[in-house]
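# Structure at a glance
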Amino acid sequence: MEKGPFSVEWLAQSSRSGGPGMPGEVPPQTLPSVPAGSPRDRDAAERRSPGHGAEPGGAAPGRSRTKFSALQLQELERSFREQRYIHAGEKRRLAAVLNLSQSQIKTWFQNRRMKFKRQTQDAR
């Protein structure tokens, strides 16, 4: 019996021996070897490993968590009660008044909507 492509036998043989590829497939070119432990090898490993260099809490290494003041939270919550989705003008106004970036305002609203969604689902 002939071993067709993707048969169990064909897959086992091709994975063991690096055997024949797909019919009509051009074999891949071999890459130059990189000595283990070389800077290029370490850089590649760092890019592949998720969370490399991350802080224990999982935050990005260059940015710490924003701790909003009571005044900032009060104003953000007031604005959220009025409208769950913030428009550009209100985002700019809040950023200027609260001394935060527009991106922080946007992220706060996204997180607050998710909290609201969880709270309403838990109440059912």
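What you see is a predicted model, and the numbers here were worked out from it, not measured in a lab.

Attention shifts here to the layout of surface pockets. If you add up the space inside the largest pocket, you get close to 390 Å³. Lining the largest pocket we find 13 residues, and of these Arg 65, Thr 66, Phe 68, Trp 108 and Asn 111 sit closest to its centre. Put simply, the parts of the chain that give the lining of the largest pocket at least two residues each are helix H3 (70–82) and helix H5 (102–123). With 7 residues, H5 is the single largest residue contributor to the lining of the largest pocket.

What follows is about the pattern of salt bridges. In the structure shown here, the tally under the stated rule is 5 salt bridges. A salt bridge links Arg 78 to Glu 75, with the shortest nitrogen-to-oxygen separation between them at 2.6 Å. Of this pair, Arg 78 and Glu 75 both sit in helix H3, separated by 3 residues, roughly a single helical turn. Of the residues examined, Arg 78 reaches a relative accessible area of 27% and is grouped as partly exposed. When its relative accessible area of 18% is taken as the criterion, Glu 75 is described as buried. Bridged by salt links that share partners, the residues Glu 75, Arg 78, Glu 82, Glu 90 and Arg 93 form one connected network.

Moving on to H3. Along its 13 residues, H3 runs 18 Å from first to last C-alpha, staying within 8% of the 18 Å computed at 1.5 Å per residue. Turning to H3, its buried residues are Gln 72, Glu 75, Leu 76, Ser 79 and Phe 80. With its buried residues spanning 135° around the axis, H3 presents them on a single face. Residues of H3 that are exposed and angled more than 90 degrees away from the buried face: Ala 70, Leu 71, Gln 74, Arg 81 and Glu 82.

Glancing now at the side chain of Gln 72. Looking at the element boundaries, Gln 72 is found in helix H3. You can call Gln 72 buried: its relative accessible area is 14%. Apart from the residues within four sequence positions on either side, Gln 72 is in contact with Lys 67, Leu 98, Asn 99 and Leu 100.

With that out of the way, let us pick up the nonpolar core. Core analysis: the biggest nonpolar cluster contains 10 residues, these being Leu 76, Phe 80, Ile 86, Leu 94, Ala 95, Leu 98, Leu 100, Ile 105, Trp 108 and Phe 109. Those residues in contact with Trp 108, other than ones at most four positions away along the chain, are Phe 68, Leu 73, Leu 76, Glu 77 and Phe 80.

This brings us to unusual backbone geometry. A positive phi angle, near 60°, is found at Asn 99, a position not held by glycine. Among the structural elements, Asn 99 can be located in the loop between helix H4 (88–98) and H5.

Criteria and cut-off values
- Residues numbered from 1 in each chain as written.
- Predicted model: local features only at pLDDT ≥ 70, side-chain atom pairs only at ≥ 80, totals over all residues.
- Heavy atoms only, no water.
- 1 Å grid on protein atoms, 1.4 Å probe; cavity = no way out; pocket = protein on both sides within 12 Å on 5 of 7 lines; lining within 4 Å.
- Points joined across faces, edges and corners; volume = space filled by probe spheres on them.
- Helix = DSSP H or I, 4+ residues; strand = E, 2+ residues; numbered from the N terminus.
- Salt bridge = Lys/Arg side-chain N within 4 Å of Asp/Glu carboxyl O.
- Buried < 20%, exposed > 50% of the residue type's maximum accessible area, 1.4 Å probe, protein only.
- Expected span 1.5 Å × (residues − 1).
- Arc of directions from axis to C-beta.
- Contact = heavy atoms within 4.5 Å.
- Core = buried A, V, L, I, M, F, W, Y, C linked by side-chain atoms within 4.5 Å.

All quantities given are derived from atomic positions and should not be read as evidence of function.
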